[in-house]
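Read off the chains here:
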Amino acid sequence: MALKAVHVSDVPCLDQVPENASLGLYSTRFSTGVDVGRSSFRIPNFLVIGHRGSGMNMLQSSDRRMKAIKENSIRSFDAAAEFSVDFVEFDVQVTKDDVPVIFHDNFIFSEENGVVYEKRVTELLLSDFLRYGPQREPGKVGKPMLRKTKDGRIVKWNVEADDCLCTLKEGFEKTTPSLGFNIELKFDDNIVYTQEFLVHVLQAILEVVFEYAKDRPIIFSTFQPDAAQLVRKLQSTYPVFFLTNGGSELYYDVRRNSLEEALKLCLENGLQGIVSEVKAIFRNPAAVTKIKEAKLSLLTYGQLNNVAEAVYMQHLMGVEGVIVDLVKEITEAVSDLMKPSKEDDEEESLPEGEGVGVVGQMAGKSKPQFSQRELSFLLKLIPELIHS
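All values reported here derive from a predicted model rather than from experimental measurement. (Residues numbered from 1 in each chain as written. Predicted model: local features only at pLDDT ≥ 70, side-chain atom pairs only at ≥ 80, totals over all residues. Heavy atoms only, no water.)

Let's talk about the side chain of Thr222
We count it as follows: Here a helix means four or more residues in a row that DSSP labels H or I, a strand means two or more in a row labelled E, and each is numbered from the N terminus. Each residue gets one of three labels from its accessible area relative to the maximum for its type: buried under 20%, exposed over 50%, partly exposed in between, using a 1.4 Å probe on protein chains only. By the convention used here, residues are in contact when the closest approach between their heavy atoms is within 4.5 Å.
Within the element layout of this structure, Thr222 appears in strand β10 (residues 218-222). Owing to a relative accessible area of 1%, Thr222 belongs among the buried residues under this scheme. For Thr222, the residues in contact, after removing those within four places along its chain, are Glu184, Leu185, Phe187, Ala227, Ala228, Phe241, Phe242 and Leu243.

Here's what the structure looks like:
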């Protein structure tokens, strides 16, 4: 299934999904599912979601935790499950022979005879994809895996605990069924996709999900606006969230360029929530109120979510969950900060979202309480700090 790039004006209207998209298949075959219409979907508790499992790999980082376990692997999912994470987030692409696989980057880099080369994941057969990295068969050596960093360097993909590449099916089969999956539908930002291509890819993913998910909690998310609309139309069992960086980068597709556009997309297409880059929320706290008034759920991602104080502040603002790399540290901090205490029961509590505190070293300390005036001051100060 090769990628097909076309001019944006040639993309068909998404108001109607083609008849051959088999809408009924996905809306009825999972009889124990629930309708996730926007008015009925609710996140019951503050969620901590492991980013690509137990954290993404930042190979150039001096922090060993960012190179501890191979991201987007069964081993990484199992490591996250040892802590009180509600979900793991991971990226799914579909190979040339229509098999959903778990991998973040658009390209796999490797080296042969001293020459570095790249292969697009979606143009590989499954058998070729699985030849990279550690192999399941004893004694078999896979092709070396390299990675291109954001600054353009090619580095060896070395981690302390490596693991094999895997399919989405294996993800379901080999991890504890109580661990929720936040499945990011991964597409290349630099390609304009036809509706036919998107439907084909999404059908391949949905077939695996509905076959193997059983009672596992599932959330779909994607940065691709058309894919978000389509996966919502193709099924009504699982919630669909739109991913946005809130305008920190600008794209040709204006739907990706602000929280306001993300909100509009969700309301127009019946999506259940937004996953925003955390700095966009701190730059624009008023957007949280608008999102909540629209009865949408709100999650965030980004490096700032590895700071416990930033996570707690978001909780007080009304954010419903965070995607994090430092799973152990943040799950422990959230547990300490958000569990009820005798002091909380005895004191007059503020309305939801109207208390704030600088957390500091949180273990064993009670939650600080601040007045509404102090909260208002901080909500005005934070955007200034983020912009500076």
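Moving on, there is more to tell.
A few points about the environment of Leu263
If you trace the backbone, Leu263 turns up in helix α7 (residues 259-269). Placed 33 residues apart in sequence, Leu263 and Leu296 show a C-alpha to C-alpha distance of 8.4 Å. Once residues lying within four places of it in the same chain are set aside, the contact partners of Leu263 are Ile274, Lys290, Ile291, Ala294 and Leu296.

Notes on the environment of Lys290
Inspection of the secondary structure puts Lys290 in helix α9 (residues 286-293). In this structure the C-alpha to C-alpha distance between Lys290 and Glu260, which are 30 residues apart in sequence, comes to 8.9 Å.

Looking at the pattern of salt bridges
Convention followed: Salt bridge, as used here, is a side-chain nitrogen of Lys or Arg placed within 4 Å of a carboxyl oxygen of Asp or Glu.
Across all of its chains, the model carries 18 salt bridges by this definition. A salt bridge links Asp188 to Arg120; its shortest N-O distance comes to 2.8 Å. Taken as a pair, Asp188 in the loop between β9 (180-185) and α5 (195-212) and Arg120 in strand β5 (residues 115-120) lie far apart in primary sequence, 68 residues in all. In terms of burial, Asp188 and Arg120 fall into one category: buried. Each member of the salt-bridge network shares a partner with another, and the members are Arg52, Glu71, Asp105 and Arg147.

Notes on unusual backbone geometry
A positive phi angle, near 55°, is found at Arg52, a position not held by glycine. Within the secondary structure, Arg52 sits in the loop between β1 (47-51) and α2 (74-81).

Focus: the nonpolar core
Operational definition: Working definition of a nonpolar core: buried Ala, Val, Leu, Ile, Met, Phe, Trp, Tyr and Cys residues. They are joined through side-chain atoms within 4.5 Å.
With 72 residues, the main nonpolar core has Ile183 and Phe220 as its most contacted residues. Broken down by element, this core gets its largest block of residues, 11 residues, from α5. Residues Phe103, Ile108, Met145 and Leu165 belong to the second largest nonpolar core, which totals 14 residues.

A few points about the packing of aromatic side chains
Here is the rule: Stacked, tilted and edge-to-face are the three classes applied to pairs of Phe, Tyr and Trp rings, where Trp contributes its six-membered ring and a pair requires centres within 6.5 Å; stacked means planes under 30 degrees apart, edge-to-face means over 60, and tilted covers the rest. We call a charge positioned above a ring when the Lys NZ or Arg CZ atom is no farther than 6 Å from the ring centre and deviates by at most 35 degrees from the ring normal.
Counted under the stated rule, the structure contains 11 aromatic pairs. Ring centres 6.2 Å apart and planes at 80° place the aromatic pair Phe220 and Tyr238 in the edge-to-face group. Remark: Tyr238 occurs in the loop between α6 (225-234) and β11 (240-244) and Phe220 occurs in strand β10; sequence separation between them is 18 residues. With a relative accessible area of 0%, Phe220 lands in the buried category. Residue Tyr238 is classed as buried on the basis of its relative accessible area, which comes to 5%. Residue placement shows Lys70 over the ring face of Trp157; its charged tip is 5.2 Å from the ring centre. Over the aromatic face of Tyr251 sits the side chain of Arg256, whose NZ or CZ is 3.8 Å from the ring centroid.

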